[in-house]
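Structural characterization, general
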Amino acid sequence: MRKFFKKALKKIDKLSGEQVQDLLEELTSENELLEIVLNSMTDGILVTDTNNKLVFHNRRSHRLIPFSSGDLDDSIIWEVIDDDDISKFIQKTLLNAEKVSEEEFTIKIAGISKTLWLDIMPVVREGSIQGSLLHVSDITERKKRDGRLRRAENLASLTTLAAGVAHEIKNPLGSISIHIQLMQKSLKRDKQLKEETSGKYLEILNEEVERLNNIIVDFLFAVRPMNPTMKKSDINKVLTDLLEFVKYELEEASVTIECELQEDLPKLEIDEKYMKQAILNIIKNSVAAMPEGGVMYFKTVRDGDFIHIYVCDTGTGISEENMAKIFEPYFTTKQFGSGLGLTVVYKIIKEHGGDIVLESVENQGTTFTINLPVPQSGKRLLDWKG
Ligand SMILES: Nc1ncnc2c1ncn2[C@@H]1O[C@H](COP(=O)(O)OP(=O)(O)O)[C@@H](O)[C@H]1O
Ligand SMILES: [Mg+2]
């Protein structure tokens, strides 16, 4: 339809008065339809021109954002918004044009607290900026739901962890109890404890207490709420820093490193310390799975909204049966394993909004793939071809 109008406009001087009138009526009704659509949306839409003056605002935007009373049309947008945080954010973003920006806000309207998601993007037409589009959505319900889900998930894993701890501490507690009984017996029999036996028993008691302590420390690390500080980071750099750190250990274990890192990846919102911890835990397992040495291969690649990090080894692999269990707390096939390494990995990756996928062939090797979401900004510019 728009093509038709463009054509008609080009020869408008050749149209009769009636034809121009028809054209205007068509245009008006198309405009009305657009307005009806925009006004029926459940999200708020606001449009400004290049001078940051409000040229369009749909009905919903008035329910979501507090506006000051008075005429809104042709006003500088941040001057008519009656919320300091939102107003400042819009001003900052618009004065720094060309950038896509988004943020979450909590506002109180009539005593009810709402969480809003606001994203701002430039409207580009044939290569030049025509103004900005502000998109507001009410994410209050979604946030509540996510919170509930996460709590339920946490609670479930807490129960398995607690059951695991109960199981884990049984052995050392049993051993402590037996050795105390042995000491009591020998005390009864000999009326005193010989230094030789008491020394031996006390040493065992000491070891078991140490074991108990380790179980509790690991448990606390696994259940303590994580407090990640997310920062825009270059994932390739995080990986190469980490590899630099473990290089000698891998060399010692006759493991060679191979890397294929995609250049110019977008930055990710991550907590570098936790992310390094997660990848390190995977590397440690790989090294343990290659007692005779082997190859560790690392790859990063972007695919749409995700960055994939592959960590592969040429180790023993994992049996079909164990594959389903390895992320479970306390699952280990090692004599002195804690079984918490991958539980922590899983928790860290989930905390970053990502997930982790496992592939393994016995006697050939294992690949862990970490998928991390690319943050929204920098991803799109709204392009409008007239
Ligand atoms: N790369 C791997 N190759 C073979 N087996 C693995 C690998 N990664 C993990 N596993 C298996 O998963 C189990 C659980 O790992 P993890 O949670 O780190 O605990 P732990 O290392 O203390 O055993 C290991 O005991 C091992 O059987
Ligand atoms: Mg481990």
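**Concerning the site of ligand 1**
Contacts to ligand 1 come from 22 residues, most closely from Asn285, Ala289, Thr332, Gly337 and Gly341. Counting residues per element, the ones that place at least two in the shell around ligand 1 are α8 (272-288) and α10 (341-351). Class assignment for the residues of the shell around ligand 1 results in six nonpolar, 14 polar and two charged.

**Focus on the nonpolar core**
Where a protein is soluble and globular, its nonpolar side chains tend to be buried together. Ranked by size, the top nonpolar core spans 36 residues in total, and within it Ala278, Ile279, Ile282, Val311, Val345, Ile348 and Ile349 carry the most contacts. Here this core takes seven residues from α8, the largest share from any one element. Split by domain, this core shows at least three residues from each of two domains, domain 2 (143-223) and domain 3 (231-373). Beyond its immediate stretch of four places on either side in the chain, Val345 contacts Ala278, Asn281, Ile282 and Ile356. Counting 14 residues, the second-largest nonpolar core is a separate cluster that includes Ile86, Ile120, Leu134 and Val136.

**Details of the domain arrangement of the protein chain**
Partitioning the protein chain into structural domains gives domain 1 (2-141), domain 2 (143-223) and domain 3 (231-373). Using C-alpha coordinates to define each centre, domain 2 is positioned 30 Å away from domain 3. At the junction of the two partners, domain 2 supplies seven residues and domain 3 supplies seven residues. Ranked by residues supplied to the side of domain 2 that touches domain 3, first place goes to helix α5 (residues 140-190) with four residues. Here the side of domain 2 that touches domain 3 is built from residues that sort into three nonpolar, two polar and two charged.

**Here we look at the sheet that holds strand β9 (residues 294-303)**
Paired through their backbone hydrogen bonds, the strands of a sheet run either parallel or antiparallel. In spatial order, the strands read β7-β9-β10-β12-β11; together these five strands make up an open sheet with mixed pairing. Edge positions in the open sheet fall to β7 (255-261) and β11 (355-361), since each of these has one partner strand only. Across the sheet, the mean angle separating the axes of adjacent strands is 15 degrees when strand polarity is ignored. Pairing of β11 with strand β12 (residues 365-373) involves seven bridges; the strand directions are antiparallel.

Cut-off values and rules
Residues numbered from 1 in each chain as written. Chains lettered and ligands numbered in written order. Predicted model: local features only at pLDDT ≥ 70, side-chain atom pairs only at ≥ 80, totals over all residues. Near = placed C-beta within 6 Å. Helix = DSSP H or I, 4+ residues; strand = E, 2+ residues; numbered from the N terminus. Nonpolar A, V, L, I, M, F, W, Y, C, P; charged D, E, K, R; others polar. Core = buried A, V, L, I, M, F, W, Y, C linked by C-beta atoms within 7 Å. Buried ≥ 20, exposed ≤ 12 C-beta atoms within 10 Å, placed from the backbone. Domains from an automatic or database assignment. Contact = placed C-beta atoms within 7 Å. Pairing = 2+ DSSP bridges. Axes fitted to C-alpha atoms, helices over the stretch in contact; angles between N-to-C directions.

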